[in-house]
Amino acid sequence: MVDENKFKQAVDLINASKSVLITAHTRPDGDACGSVRALCDSIKSLGKEAHPIFLSPMAAWYEFLFDSKVPILGNDITTEELNAKPYSDCDLVLIVDTNSYVQLPQFDQWLKRSEKKVLVIDHHITGDNLGDIELIDTSAAAAGEIVCDLMKYAGWKLTEEIAEAIFVAIATDSGWFKFANADARIFRNAADLIEAGANPAKIYQQLFQSYSPERMKLMIVMLKSLELHFENRLAMQVIMRKDFDETGATGKDTENLINECNRIGSVDMAALFVELADGGYRCSLRSKGKVDVRKIAQKYGGGGHTMASGVNLPGPLEKAKQIILDEAKLQLKS
Ligand SMILES: [Mn+2]
């Protein structure tokens with residue numbers, strides 16, 4: 001739990017502001033999208049302006065969280081435009097679900113030059129101390145849980161829309177309440193959110209039964225690439241750029257696909273390599289608990305959690321794979 005004094009400082013900061021720029025890490029996931037939506041609503045209900053931006057497109061299945069399109073930096077607005085209205089009027093920057101420059105492409109440059117106050121809400125262990133005030137709770141399963149705690153502390157109204165948004169945040173970061181981070185606290189929060197109007201069955205359908213045919217085809221291609229190593233304890237899968245062309249899927253369609261191979265009982269660790277435009281690979285890593293995948297990601301400039309992390313590795317593919325094979329071998333034998 002974040003201590004009360006920190007919550008007070010955060011509430012004071014928000015109360016003192018007139019207009020808030022809200023963003024989250026690139027490739028916004030359910031936690032990022034849900035938390036941003038919930039905070040926008042809360043801040044607006046206080047009579048303030050809230051201006052959300054994302055740093056890359058969100059997956060289609062999160063779009064229901066927003067009534068209007070959230071501008072994307074680099075697509076819909078430039079960093080120069082962050083110095084013009086309405087953003088120039090913002091007197092507070094709120095960053096959710098990350099505290100790291102590398103997770104804020106383009107925005108990091110603007111942020112370094114900005115003199116605005118910064119509030120960070122995050123549950124990751126690694127961070128660059130971006131905030132003047134930081135609500136960091138590494139025991140929270142999702143940033144959405146800290147948002148939930150903040151709202152309870154501040155006494156802000158938990159509307160049906162806010163409850164739904166936070167439910168999305170906590171449900172997605174816990175793999176629909178089935179990862180090791182799904183503790184009593186998350187179920188208590190979930191119960192509160194359901195009482196406030198969140199509808200789990202509806203949300204489940206919107207999140208997990210809403211694949212586009214293109215995404216399904218991409219998943220099939222990915223599954224065909226499955227390789228198992230070290231007595232089937234390490235699963236590795238690959239998505240190449242041509243796979244996107246051939247299936248019609250896009251980068252955001254890869255979210256959560258890595259979890260599919262964890263259905264295999266023997267698998268302790270999973271890696272998914274997604275080829276990038278520069279010839280490198282975005283490598284997502286998952287662990288069932290025996291391996292610390294954050295250590296591996298961190299060693300090569302990435303970050304994340306013990307059981308879910310990510311890192312960009314240079315190509316060619318065989319070299320990127322070898323790095324993961326070597327690191328996995330070290331941890332699996334110990
Ligand atoms: Mn998160």
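Structure report, in brief.

**Observations concerning the coordination of the manganese ion**
1) Next: The manganese ion binds to the protein through Asp31 (OD), Asp97 (OD), His123 (NE2) and Asp173 (OD), with metal-donor distances spanning 2.1 to 2.3 Å.
2) Next: Counting the intervening residues between successive donors of the manganese ion yields the motif D-x65-D-x25-H-x49-D. On the criterion of sequence distance, the pair formed by Asp97 in the loop between strand E3 (92-96) and helix H3 (107-113) and His123 in the loop between strand E4 (117-122) and strand E5 (133-136) is long-range, its members being 26 residues apart.
3) Next: The exposure class of His123 is buried, given its relative accessible area of 2%.

**Things to note about unusual backbone geometry**
1) Next: Cis geometry is found at the peptide bond from Lys85 to Pro86, where omega equals 0°.
2) Next: Mapped onto the elements, Pro86 comes out in the loop between strand E2 (49-52) and E3.
3) Next: Cis geometry marks the peptide bond from Gly315 to Pro316, where omega comes out at -5°.
4) Next: If you trace the backbone, Pro316 turns up in the loop between strand E11 (308-313) and helix H11 (317-333).
5) Next: Here the phi dihedral of Arg27 falls at roughly 50°; this positive angle occurs in a residue that is not glycine.
6) Next: Residue position: Arg27 is located in the loop between strand E1 (19-24) and helix H2 (30-45).
7) Next: For Trp176, which is not a glycine, the phi torsion comes out positive at approximately 55°.
8) Next: Mapping Trp176 onto the fold places it in the loop between helix H5 (160-173) and helix H6 (184-195).

Calculation rules
Residues numbered from 1 in each chain as written. Predicted model: local features only at pLDDT ≥ 70, side-chain atom pairs only at ≥ 80, totals over all residues. Heavy atoms only, no water. Donors = N, O, S within 2.8 Å, 3.2 Å for Na, K, Ca; no water. Helix = DSSP H or I, 4+ residues; strand = E, 2+ residues; numbered from the N terminus. Buried < 20%, exposed > 50% of the residue type's maximum accessible area, 1.4 Å probe, protein only.

Geometry only, nothing functional implied.
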